[in-house]
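What the coordinates show
Single-letter residue listing:
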Amino acid sequence: YQAHVQSIGWQGWKQNGETAGSVGQSLRVEAIRIELTGINAGKYDIYYRVHCQDYGWLGWAKNGEKAGSEGYSRRMEAIEVRLVAKGNVAPGNMNNCFYGK
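Heads up: these notes are all about the structure in this document. (Residues numbered from 1 in each chain as written. Predicted model: local features only at pLDDT ≥ 70, side-chain atom pairs only at ≥ 80, totals over all residues. Heavy atoms only, no water.)

Here's the deal with the side chain of Asp 45
Note on placement: Asp 45 falls in strand β4 (residues 44-52). Taking the relative accessible area as the measure of exposure, Asp 45 reaches 5% and is therefore buried. A polar contact is formed between the side chain of Asp 45 and the side chain of Asn 63, at a distance of 2.7 Å. Each residue touching Asp 45, except ones within four places of it in the same chain, is listed here: Leu 36, Lys 62, Asn 63, Arg 82, Leu 83, Val 84, Lys 86 and Gly 87. (Helix = DSSP H or I, 4+ residues; strand = E, 2+ residues; numbered from the N terminus. Buried < 20%, exposed > 50% of the residue type's maximum accessible area, 1.4 Å probe, protein only. Polar contact = N/O pair within 3.5 Å; in protein donor to acceptor, adjacent residues only side chain to side chain. Contact = heavy atoms within 4.5 Å.)

Side note on the environment of Tyr 72
With respect to the helices and strands, the residue Tyr 72 is situated in the loop between β7 (67-70) and β8 (76-85). Tyr 72 sits 43 residues away from Val 29 along the chain, and the two C-alpha atoms are 12 Å apart. Those residues within four positions of Tyr 72 in sequence are excluded, and the remaining contacts are Tyr 55, Tyr 99, Gly 100 and Lys 101.

Quick notes on the pattern of salt bridges
Under the definition given, this model contains eight salt bridges. Put simply, Arg 74 and Asp 54 hold a salt bridge, and the shortest N to O gap is 3.0 Å. Here Asp 54 lies in the loop between β4 and β5 (56-57) and Arg 74 lies in the loop between β7 and β8, a separation of 20 residues in the sequence. Glu 70 is the salt-bridge partner of Lys 66, the closest N and O atoms lying 3.9 Å from each other. Exposure remark for Glu 70: the relative accessible area of 23% places this residue in the partly exposed category. What emerges from the salt-bridge pattern is a single network uniting Asp 45, Lys 62 and Lys 86. (Salt bridge = Lys/Arg side-chain N within 4 Å of Asp/Glu carboxyl O.)

Spelled out as structure tokens, the structure:
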């Protein structure tokens, strides 16, 4: 997973419980990307969507796509993540998962 943080931009990729974002700096996380690795990447798609300040729930992103916003100063307020077996349908609408300038 990778986070886009206010005043920092896209951070490097994190894994296995590493912190994405900032601690003690009062900086908002504005967007995220998530990918599966290893065996699971071949068996599942990972879908995720975010609740974005002033926009509400955005569409579902998948397998490393950007979800949230960049350049609009809007914080992510929630995230929902689902694993779906390859070949199955998305959990919902995949339109408008990311707003970027």
